[in-house]
Amino acid sequence: MDLKVFRDELAAAADWVADYLGQIARRPVARPIPSAHRQALAAGVLPQEGQDLGALLDFVDREIAPFPTGNGHPAFFAWINSPPSPAGVIAELLATAINATCGMGEHALMDLERGVVRDLASLAGMAPTTGGVLTSGGSMANLLCLGAARTWFLRHHGATDGPAYDQVHARLTAYHSDQAHMSVAKAAAVIGLPPWRLRAVPSTAEQRMDVEALRAMVDADRASGLLPFCVVSNLGSTASGAVDPIEAITRVCRTHGLWHHADGAWGGLGALVPELAPLYRGVADLDSLTVDPHKTLSVPVGCGAALVTEPSRLRDAFAFRASYLAGDQDWPWMSDYTIELTRPGTRALTLWATLRHLGRSGVIALLQHYQDLARYLRRRVQEHPGLELCNDSTLPVVCFRLAADTETGRPDARADLHTAVAARVQARGHAYLATVCHDGETVLRACVCNYLTTTDDVDTLLEEVQAAAEHLRTT
Ligand SMILES: Cc1ncc(COP(=O)(O)O)c(C=O)c1O
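Residues numbered from 1 in each chain as written. Predicted model: local features only at pLDDT ≥ 70, side-chain atom pairs only at ≥ 80, totals over all residues.

Draft legend 1. Molecular detail of the sheet that holds strand E9 (residues 397-402). Taken together, the 4 strands give an open sheet; going across it, the order is E8-E9-E11-E10, and neighbouring strands pair in antiparallel fashion. Of all strands in the sheet, those bounded by a partner on one side alone are strand E8 (387-389) and strand E10 (434-438). This sheet shows a mean twist of 45 degrees between the axes of neighbouring strands, independent of strand direction. Where E9 and strand E11 (residues 441-447) come together, 4 bridges link them in antiparallel fashion. Pairing of Val398 across the sheet is with Ala446, part of E11. Of the strands in this sheet, E8, E9 and E11 are in contact with helix H12 (residues 346-383), which crosses E9 at around 15 degrees. (Pairing = 2+ DSSP bridges. Helix = DSSP H or I, 4+ residues; strand = E, 2+ residues; numbered from the N terminus. Axes fitted to C-alpha atoms, helices over the stretch in contact; angles between N-to-C directions. Contact = placed C-beta atoms within 7 Å.)

Printed below as a string of structure tokens:
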């Protein structure tokens, strides 16, 4: 390595990063990748000779950066994708240079991870015993928690191996709401649960899990010889921001000896916001919680967290020994809590840097910012003669639709129109939103999770929706 060249290229990259993030709002929200370019990128032909370090920045500037899908742009409302925090961007670079393998041995970043996990648990309002691990995202955190729940249940029933394992495992049954994120179904499949034994509990008109239906399903399954072991609730459903009734679900779990895992990938820190706090009563009694710092906290992708009230239950599920890895039993390795052995230290440092930069009050102010903007959007939708609000969630996800066209009036025509409106808004590049199935109908959905977003961006979004609808209705 030529240190001078390295230093110069790093400085150039730092300048580029500052310009890129500093001017993000001036560029299009999205730009489709021309198909020839897409194919060239995907071709994967490695030249025989290496290239200068300087070619890297040129390549990113020319071939990658011009084609974002919104993430980071303040008028991007499609999914729960936020821009990277400034502290997180710097921390990512630093942690990459240190390149710690945070699964084994001793690393200051591994200890820092324990600390930020505690910070997250405290922000979420979980019990003081809570520990866990950082993950690549919410999907992986859901998987770890379901894995821990399964092992906990098997141990509790003296069924960790032999015929008892086979008999108990074959009857395991879990429950999630019909609004659950699909990563819960993936996790269930990975731990060996057949799809028909992950039961979808119906939700109420507010998209919250119907606890009486849950109770009845658990009773019926137990009566037929199945073994209910886990309920997964939503703290912020993906489609509409619904928060399931935590305390009532925990009561069902405690009555029948089930694990209560909550998927709070994006809504898991809602207890910090005064207007949301009542919905989050009972978080301290959960068995586990998924939180995704790379969503509402703007920690660079990918940073999720599996938080478990009794962290030893993660170890029961994931601590495996090998002669070439003699760990310290008093100060367990982080790989004992997860399925990864070699793990990046970037997650711990980016999360730590972001949290320290914000402080507790900054975190609350950030979440409140999303709330305020979502309230503004809801109000604008309600006042707009051509739009109708579909969900009344207090979390910052706003589902809305075009008011029925007096000429067609057919719901299916409206669903097609919503898909076409979203596509047209996306293609024009001034704002970006997506559709979602809400109450069986395809409607428009806007998520607010960007610290740069202002009411002007919300206004732009609605102007774009309105213009797209008019265009489509008249052509
Ligand atoms: C409620 C919920 N759970 C889990 C996930 C998956 O998280 P990730 O994309 O970080 O794997 C998402 C993603 O949007 C989500 O909304």
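Draft legend 2. Quick look at the pairing of strand E5 (residues 259-264). Of all 6 residues that make up E5, 6 are buried, and the element is covered over most of its length. Burial along E5 is two-sided: the face carrying Trp259, His261 and Asp263 and the face carrying His260, Ala262 and Gly264 are both buried. Examined bridge by bridge, strand E4 (residues 227-234) and E5 share 5 bridges and lie parallel to one another. Residue Val232 lies in a different strand from E5, and its bridge partner there is His261. Handedness of the crossover joining E4 and E5 through helix H10 (residues 246-256): right-handed. (Buried ≥ 20, exposed ≤ 12 C-beta atoms within 10 Å, placed from the backbone. Right-handed = clockwise from strand over helix to strand, strands pointing away.)

Draft legend 3. Layout of the domain arrangement of the protein. Parsing the protein into structural domains produces domain 1 (3-67) and domain 2 (101-357). The C-alpha centroid of domain 2 is placed 37 Å from the C-alpha centroid of domain 1. (Domains from an automatic or database assignment.)

Draft legend 4. Representation of the site of the ligand. Around the ligand lies a shell formed by Ile80, Gly137, Gly138, Ser139, His181, Ser183, Thr238, Asp263, Ala265, Trp266, Asp292 and Gly304. Residue composition of the shell around the ligand, by class: 3 nonpolar, 7 polar and 2 charged. (Near = placed C-beta within 6 Å. Nonpolar A, V, L, I, M, F, W, Y, C, P; charged D, E, K, R; others polar.)

Draft legend 5. Structural context of helix H1 (residues 3-22). Taking 1.5 Å of rise per residue, 20 residues should cover 28 Å, and H1 covers 28 Å from first to last C-alpha, within 8% of that figure. Burial runs low along H1: only 0 of the 20 residues are buried. (Expected span 1.5 Å × (residues − 1).)

Draft legend 6. Broad picture of the sheet that holds strand E6 (residues 288-291). Judged by pairing direction, the sheet is mixed, and its 7 strands sit side by side in the order E1-E7-E6-E5-E4-E2-E3 without closing on themselves. Each edge of the open sheet is held by one strand with a lone partner, namely strand E1 (131-135) and strand E3 (198-201). The sheet shows a mean angle of 20 degrees between the axes of neighbouring strands, taken without regard to direction.

Draft legend 7. The arrangement of H10 in detail. Inspection of H10 places Ile246, Ile249, Thr250, Val252 and Cys253 among the buried residues, and these make up the whole buried set. One side of H10 holds all its buried residues, which, seen down the axis, span an arc of 155 degrees. For H10, the exposed residues set more than 90 degrees away from the buried face come down to Glu247, Arg254 and Thr255. The secondary structure elements touched by the buried residues of H10 are helix H9 (211-223), E4 and E5. Remark: Gly257 follows H10 within two positions and exhibits a positive phi of approximately 70 degrees. (Arc of directions from axis to C-beta.)

Draft legend 8. Fine view of the environment of Val231. Here Val231 lies in strand E4. Between the C-alpha atom of Val231 and that of Asp292, which follows or precedes it by 61 residues, the distance is 20 Å. With residues up to four places along the chain from it excluded, the contact list for Val231 reads Tyr175, Leu214, Ile249, Val252, Cys253, Leu258 and His260.

Draft legend 9. Structural context of unusual backbone geometry. Of note, the bond from Val301 into Gly302 is cis; its omega dihedral lies within 30 degrees of zero at -5 degrees. A positive phi is found at Asn99, a non-glycine position, where the angle reads about 55 degrees. In this structure, Asn99 sits in the loop between helix H4 (86-98) and helix H5 (108-124). Using a count of 10 C-beta atoms within 10 Å as the deciding quantity, one classes Asn99 as exposed. Residue Ser298 is not a glycine yet carries a positive backbone phi of 65 degrees. Note that Ser298 resides in the loop between E6 and strand E7 (304-308). What makes Ser298 buried here is the crowd of 26 C-beta atoms within 10 Å.

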